[in-house]
Amino acid sequence: MKSILATVSIAALAASTLAAQAEDRLSAVHAFPTTLIYTQSFLEFVEKVNERGEGVIQIDVRGGPEAIGMFQQADAVRDGIVDMAYAPGSFYGGALPEKDALVASNITAIEARENGGIDLINEIHQEKMGVYYLGWFDSGVSYNLWMVDEPKFTADGKLDLTDVRLRGNAVYNAFFTNYLGAQVIDLPTTEVYSALERGVVNASGWTQIGLVDLKWDEFVKYRVAPSFFSTDLGVIVNLESWNALSDEAKQILQDVAIEHERSSVEALRQRRDEEFATLAERGMTEVSLEGEAAAEYLKAAREETWGRMRTQMEGHPMGLQHYDTLIGLFYDLEKAAAQ
């Protein structure tokens, strides 16, 4: 009897060991703190994968910028230090300037998935960085310029940024410096609250969502319209890690990513409206450029970004391959004309 029980126990142990071995696991990091809406969106995606992929694929989240610096995460994925990262493409724009097609985009991931834009971005990621571009999450959210003091305008209706200490970063510095003529101070997101508190900066670009999470509205009281750009947050996976996954694991990951591309668009639109209402209750005032000044502002944001993409692409071995195609896939002229 003991012999039979021992045999059964060994068989059960072997079966559980094989099951554990069969389950693929990916380690992951995220660029922003967990308090930010975008990180929460990514963690929701992870939860969906782990629920649907039980016994097949699981994602183990190691943390955010406290685990690996936000600007080092893409390199960490490329080098195999971690399998996956959720971060803005702008954080690795030097290696892949084509990401600017997403920054200047006026469409969502839903449309870019349907027209082949994301497939092309994935192809470029694999060729240039050795990573698999799994999905463009939280798209359809644009940026505003947020200011502590009431904006000033020139006689022809353009923004006058005299005496404005503008927090900058890679995503919008070309627009801020080349068109607006601003003096920028580059700071990571995690340091902006302190910089606003101490008066080191008194304005910043930021997305339409997240100011409440970051508590910048304690200092920032003006939102400049119109909004510009698009978020370029995506999930990249080390290509060797991706290729080592089972076909079933790959399918689950890709299916859930595409679903999250869609669901996050609607969820964040609703969140934007809620946050705008909250900010208005707290005293936030929207100040708008008008007419020709507004049109020129938006044109400059777009064309300065495309110009940066072109210049950086020219310095890469692939040159301007895909440049015109990317603009055509990620910027809808008919939609722009209708707005």
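The shown structure was predicted, so the numbers you read here are calculated from the model rather than taken from an experiment. (Residues numbered from 1 in each chain as written. Predicted model: local features only at pLDDT ≥ 70, side-chain atom pairs only at ≥ 80, totals over all residues. Heavy atoms only, no water.)

1. Some words on the packing of aromatic side chains
Item 1. Within this structure, the stated rule accounts for 24 aromatic pairs.
Item 2. With a centroid separation of 5.0 Å and 5° between ring planes, the pair formed by phenylalanine 42 and tyrosine 86 is classed as stacked. Pair noted here: phenylalanine 42 is in helix H2 (residues 37-52) and tyrosine 86 is in strand E3 (residues 84-88), with a separation of 44 residues, a long-range link.
Item 3. Taking the relative accessible area as the measure of exposure, phenylalanine 42 reaches 0% and is therefore buried.
Item 4. For the ring pair tryptophan 306 and tyrosine 331, a centre distance of 5.3 Å and an interplane angle of 90° mean the geometry is edge-to-face. Separated by 25 residues along the polypeptide, tryptophan 306 in helix H12 (residues 291-314) and tyrosine 331 in the loop between helix H13 (323-330) and helix H14 (333-338) bring together distant segments of the chain. (Phe/Tyr/Trp six-rings, centres within 6.5 Å; stacked < 30°, edge-to-face > 60°. Helix = DSSP H or I, 4+ residues; strand = E, 2+ residues; numbered from the N terminus. Buried < 20%, exposed > 50% of the residue type's maximum accessible area, 1.4 Å probe, protein only.)

2. Digging into the environment of glycine 116
Item 1. The topology assignment puts glycine 116 in the loop between helix H5 (109-115) and helix H6 (117-129).
Item 2. Exposure remark for glycine 116: the relative accessible area of 21% places this residue in the partly exposed category.
Item 3. Residues glycine 116 and phenylalanine 330 lie 214 residues apart in sequence; the distance between their C-alpha atoms is 9.7 Å.

3. Side note on the sheet that holds strand E12 (residues 233-238)
Item 1. The mixed open sheet is built from five strands, whose spatial order is E2-E1-E3-E12-E4. Edge positions in the open sheet fall to strand E2 (57-63) and strand E4 (131-136), since each of these has one partner strand only. Averaged over all neighbouring strand pairs, the angle between strand axes comes to 30°, with direction disregarded.
Item 2. Strand direction decides the pairing type here: strand E1 (residues 24-30) and E2, joined by six bridges, are parallel. Within the sheet, the bridge partner assigned to arginine 25 lies in E2 and is glutamine 58.
Item 3. H6 rests against E4 and E12 of the sheet, and its axis sits at about 155° to E4.
Item 4. Helix-sheet contacts for helix H11 (residues 247-281) involve E1, E2, E3 and E4, and the interaxial angle to E4 is about 35°. (Pairing = 2+ DSSP bridges. Axes fitted to C-alpha atoms, helices over the stretch in contact; angles between N-to-C directions. Contact = heavy atoms within 4.5 Å.)

4. Quick notes on the sheet that holds strand E11 (residues 222-228)
What links the strands of a sheet is backbone hydrogen bonding, and the strands pair in either a parallel or an antiparallel sense.
Item 1. Strand order in the open sheet made by the six strands is E9-E8-E10-E5-E11-E13, with mixed pairing throughout. Of all the strands in the sheet, just strand E9 (184-186) and strand E13 (285-288) have a single pairing partner and so form its edges. Between one strand axis and the next, the sheet turns by 35° as a mean value, whatever way the strands run.
Item 2. Of the strand pairs in this sheet, strand E5 (residues 143-147) and E11 are connected by four bridges, and their pairing is antiparallel. Bridging from a neighbouring strand, methionine 147 pairs with tyrosine 222 of E11.
Item 3. Contacts between H12 and the sheet are confined to E5 and E11, with E11 contributing the most and set at about 65° to the helix.

5. Notes on the nonpolar core
Inside soluble globular proteins, nonpolar side chains tend to come together where they are buried.
Item 1. With 51 residues, the main nonpolar core has Tyr38, Phe45, Ile57, Met84, Leu134 and Leu253 as its most contacted residues.
Item 2. For this core, the element with the highest residue contribution is H11, accounting for eight residues.
Item 3. Look past the residues within four positions of tyrosine 38 in its chain and what remains in contact with it is Tyr86, Asp138, Val141, Trp206, Thr207, Ile209, Thr231, Leu233 and Leu268.
Item 4. Formed by 33 residues, the second largest nonpolar core is a distinct cluster that contains Val29, Ala76, Trp306 and Leu329. (Core = buried A, V, L, I, M, F, W, Y, C linked by side-chain atoms within 4.5 Å.)

6. Here's the deal with the confidence of the model for the protein chain
Item 1. Overall, the prediction assigns the protein chain a mean pLDDT of 92, with 93% of residues at 70 or greater.
Item 2. Considering only residues more than four positions removed or in separate chains, one finds that residues 4-9, a stretch of pLDDT under 50, has zero contacts. (pLDDT = per-residue confidence, 0-100.)

7. Brief notes about H2
Item 1. If you check H2, its first and last C-alpha atoms are 23 Å apart, about what 16 residues at 1.5 Å a residue would give, namely 22 Å.
Item 2. Every buried residue of H2 is accounted for by Ile37, Tyr38, Thr39, Ser41, Phe42, Phe45, Val46 and Val49. (Expected span 1.5 Å × (residues − 1).)

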